[in-house]
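# Structural description and commentary
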Amino acid sequence: MLFRSNVLTSGLTGPGGTVIAGSSIALFREQYIYVPLTPPYYWSNSTNGTNPPGSAGWYPDGLIPFVDPETGQPAHGGALQAAPFSIQGGMNQPIWVDLNVPPSSPAGDYAGTFIVNSDQGQATVTVALHVWNFSLPVVPTFKTSYQANPVHQDLYLTHELLRNRNSPDWVTPSLEPTLIHQWGLTSTNLWFSSGIGVSNCATTAMPAVPSVAQFQAAAAQHQPDILLYNFSADEISRCPQLFPLLTQWAANMHAAGVRNLVTVEPTPALLDDGTGTGRSVVDIWTVLPEQYDEAQANGGLMTRVLAKGDTVWSYNVLVQDGYSPKLTINFTPLDYRLTMGFISQSLGISGFQQWLVDQWTSDPWNAMTISPGGVPSDGLLVYPGSTVGIVGYAPSMRLKWTRDGVNDFEYVQMLKGLGQGPWALQQAATVGPDWRNWTRDYTRVESTRITLGSKIDQLSTAAQNLTIYPSAPSVRMGLTQQFSASGAGQPSPQVTWSVNGLPGGTATSGTVTTNGLYTAPSLMPSG
């Protein structure tokens, strides 16, 4: 047995002596929790069970931080501590490492060491890191909405979710500027909820429609550069009698510039809000994997709503089919990662809604919540920080795996902006083409990430060596300007022309041809 075990690091050194400091490296001790049984999942009597859960046993999940991320000081005073720790004979103790590469770090190779101490000696682990020549955007393209119990909807929880590239469903509006531009907040919910869900939609009428003025007043409190939506009703696919009033809700939201999010399968009855614009009642269709497949089989409804310009998100509460990736604790890391990343890119899905992150027992670090039907809860993605000596919340490994998926999505999105969208989507489809045919091979997924990242690195490096002419043009409304590029070792390098990051531009900001001919908009863009 090992006693007084600890892990230390001083950082990594790279090109020109650049140091990624030890403060950019976060260490966590992985905490195991026992899942007592293999539940009788809803699909156990079906024939489509291609993604079974793991068996009963011990699963690592909660991450005990060595340092409190809110204070920057070592965690202390909790019943569980990250270090020093003891390890019984025949057992292991994994340490999770997060490395945050500062955007100012030059590309190239870095090296460093981790030192593992115990009462029986010391071991040194050498670490090598290659940093690519690009940074991910602060605000992820993939939108998320993670709900929590009201008592835990505080700034500490917001920070913990955003550290892991996931957004809470609501924040204090006055904090949005900082949370968007420094932390990466993607979206927020107005919370004019109808209170209608799967448990009461057959017996309860929708409440009166909030007025346009009410929606406008609420929307005015929020920043213009955040996705603003209203989560109106939850899981009402089997209650079509509510659709007429839901349509009225949508019409008022749309008049106020607010998007309507509903967890409902697309249906022809909800494809027109009655305002004469042809706009759908639902702007953000949030569907289970099984519902996505059912709607697509029903005359290609998923393709139809996407072609209209509607947005599609997914969610996957509990275990309601036998084939799609799941978010309960006894499924693999790839389930979480592929849901957010490559499968979403392949299917045109651009967001994810999580019903709860803090479904805790009285002792959540040691006892998993078991949902009705015997399923270990997927409503637990953070743990109480007080137990481990920090002021906020501690992440789970599953939250980290969703972060990996959000970043996978971003790699594909960046390549779309670089004119490599078809190729990037082809790469994504090799590991996550749809809800049924995704790989279980982790090495293939990681290889795909490396392939995408290497391509972005190559294109980013080439772009930095380009010279654009003219460099500071002035173009009158409705007129044109020819641009050209040189450099990157070529007199006429192949480039993708874009306006405000959008290949080809838009009517609002101006358009640009593949040959670099820019046409200014006829009217000055607002703002």
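Each remark here, short or long, concerns the structure printed above.
A few points on the structure.

## Re the packing of helix 5 (residues 289–297) against helix 6 (residues 301–308)
Contact geometry for helix 5 and helix 6: axes closest at 5 Å, N-to-C directions at 90°. Viewed along their axes, helix 5 and helix 6 adopt a mutual orientation that is roughly perpendicular. Mapping the contact onto sequence places Y292, A295 and Q296 in helix 5 and L301, M302, T303 and L306 in helix 6. A per-class count over the contact of helix 5 with helix 6 returns 5 nonpolar, 2 polar and no charged.

## Section: helix 5
Every buried residue belonging to helix 5 is among P289, Q291, Y292 and A295, and all of these are buried. Down the axis, helix 5 shows its buried residues gathered within 160° of arc, on one side only. On its buried face, helix 5 sits against strand 13 (284–287), helix 6, strand 14 (311–314) and helix 8 (342–347). Just past helix 5, the residue G299 takes up positive phi, approximately 70°.

## Brief notes about the state of the cysteines
Applying the stated criterion to the full structure yields 1 disulfide. Bridging C201 to C239, the disulfide has an S-S length of 1.9 Å. When the S-S torsion is 55°, as for the bridge of C201 with C239, the disulfide is right-handed. Here C239 lies in the loop between strand 11 (227–234) and helix 4 (243–255) and C201 lies in the loop between strand 10 (187–189) and helix 3 (212–219), a separation of 38 residues in the sequence. The same class applies to C201 as to C239, namely buried.

## Looking at the packing of aromatic side chains
By convention here, two paired aromatic rings are described through the distance between centres and the angle between planes. Within the structure shown, the criterion is met by 13 aromatic pairs. Among the aromatic residues, those joined into a ring-pair cluster are W132, F134 and Y411. Across from the ring centre of W438, 3.6 Å away, lies the NZ or CZ of R440, which sits over that ring. Over the ring of W423 we find K455; its NZ or CZ atom is 5.1 Å from the centre of that ring.

## Things to note about the sheet that holds strand 21 (residues 480–482)
If you trace the 4 strands from one edge of the open sheet to the other, you get 21-27-26-25, paired in antiparallel fashion. Edge positions in the sheet fall to strand 21 and strand 25 (505–506), since each has one partner strand and no second. Strand direction decides the pairing type here: strand 26 (residues 510–512) and strand 27 (residues 517–519), joined by 2 bridges, are antiparallel. Within strand 27, the residue paired with V512 across the bridge is Y518.

## Some thoughts on the pattern of salt bridges
Applying the stated criterion across every chain yields a total of 11 salt bridges. Ionic pairing is found between R163 and E70, a salt bridge with its closest N-O pair at 2.6 Å. Of this pair, R163 sits in helix 1 (residues 155–163) while E70 sits in the loop between strand 4 (57–65) and strand 5 (85–87); the two residues are 93 residues apart in sequence, bridging distant segments of the chain. D293 serves as the salt-bridge partner of R436, at 3.9 Å between the closest nitrogen and oxygen. On the criterion of sequence distance, the pair formed by R436 in the loop between helix 10 (421–429) and helix 11 (442–464) and D293 in helix 5 is long-range, its members being 143 residues apart. Residue R436 is classed as partly exposed on the basis of its relative accessible area of 43%. Sharing partners across several salt bridges, the network here consists of R337, D408, E446 and R449.

## Some words on the sheet that holds strand 6 (residues 95–99)
The 3 strands are arranged 4-3-6 in an open sheet whose pairing can be described as antiparallel. Strand pairing shows two members of the sheet lacking a second neighbour, strand 4 and strand 6, which therefore form its edges. For this sheet, the mean angle separating the axes of adjacent strands, direction not counted, is 35°. Both strand 3 (residues 25–35) and strand 6 contribute to a ladder of 5 bridges, which runs antiparallel. Bridge assignment links R29 to a residue of strand 6, and that residue is I95. Across the sheet, helix 9 (residues 397–417) is in contact with strand 3, strand 4 and strand 6; its angle to strand 6 comes to roughly 35°.

## A closer look at unusual backbone geometry
Backbone torsion omega between A83 and P84 reads -5°, so that peptide bond is classified as cis. Looking at the element boundaries, P84 is found in the loop between strand 4 and strand 5. The peptide bond linking Y469 to P470 adopts the cis configuration, its omega dihedral lying at -10°. Backbone geometry places W191, a non-glycine residue, at a positive phi of 65°. Positionally, W191 belongs in the loop between strand 10 and helix 3. Positive phi is not limited to glycine here, since L318 has a value of about 55°. A relative accessible area of 14% places L318 in the buried class.

## Considerations on the nonpolar core
Within the largest apolar cluster, 53 residues are counted, with the highest numbers of intra-cluster contacts made by I236, L270, Y292, L338 and F342. For this core, the element with the highest residue contribution is helix 4, accounting for 5 residues. If we ignore the near neighbours within four places in the chain, the residues touching L338 are I343, S344, V431, W438, T439 and V445. The next biggest cluster of nonpolar side chains, apart from the first, holds 21 residues, and it includes W96, Y146, L157 and W401.

Analysis parameters
- Residues numbered from 1 in each chain as written.
- Predicted model: local features only at pLDDT ≥ 70, side-chain atom pairs only at ≥ 80, totals over all residues.
- Heavy atoms only, no water.
- Axes fitted to C-alpha atoms, helices over the stretch in contact; angles between N-to-C directions.
- Helix = DSSP H or I, 4+ residues; strand = E, 2+ residues; numbered from the N terminus.
- Parallel < 35°, antiparallel > 145°, perpendicular 65-115°, else oblique.
- Contact = heavy atoms within 4.5 Å.
- Nonpolar A, V, L, I, M, F, W, Y, C, P; charged D, E, K, R; others polar.
- Buried < 20%, exposed > 50% of the residue type's maximum accessible area, 1.4 Å probe, protein only.
- Arc of directions from axis to C-beta.
- Disulfide = S-S within 2.5 Å.
- Phe/Tyr/Trp six-rings, centres within 6.5 Å; stacked < 30°, edge-to-face > 60°.
- Lys NZ or Arg CZ within 6 Å of the ring centre and 35° of its normal.
- Pairing = 2+ DSSP bridges.
- Salt bridge = Lys/Arg side-chain N within 4 Å of Asp/Glu carboxyl O.
- Core = buried A, V, L, I, M, F, W, Y, C linked by side-chain atoms within 4.5 Å.

It is worth stressing that arrangement in space is one thing and function is another; only the former is reported here.
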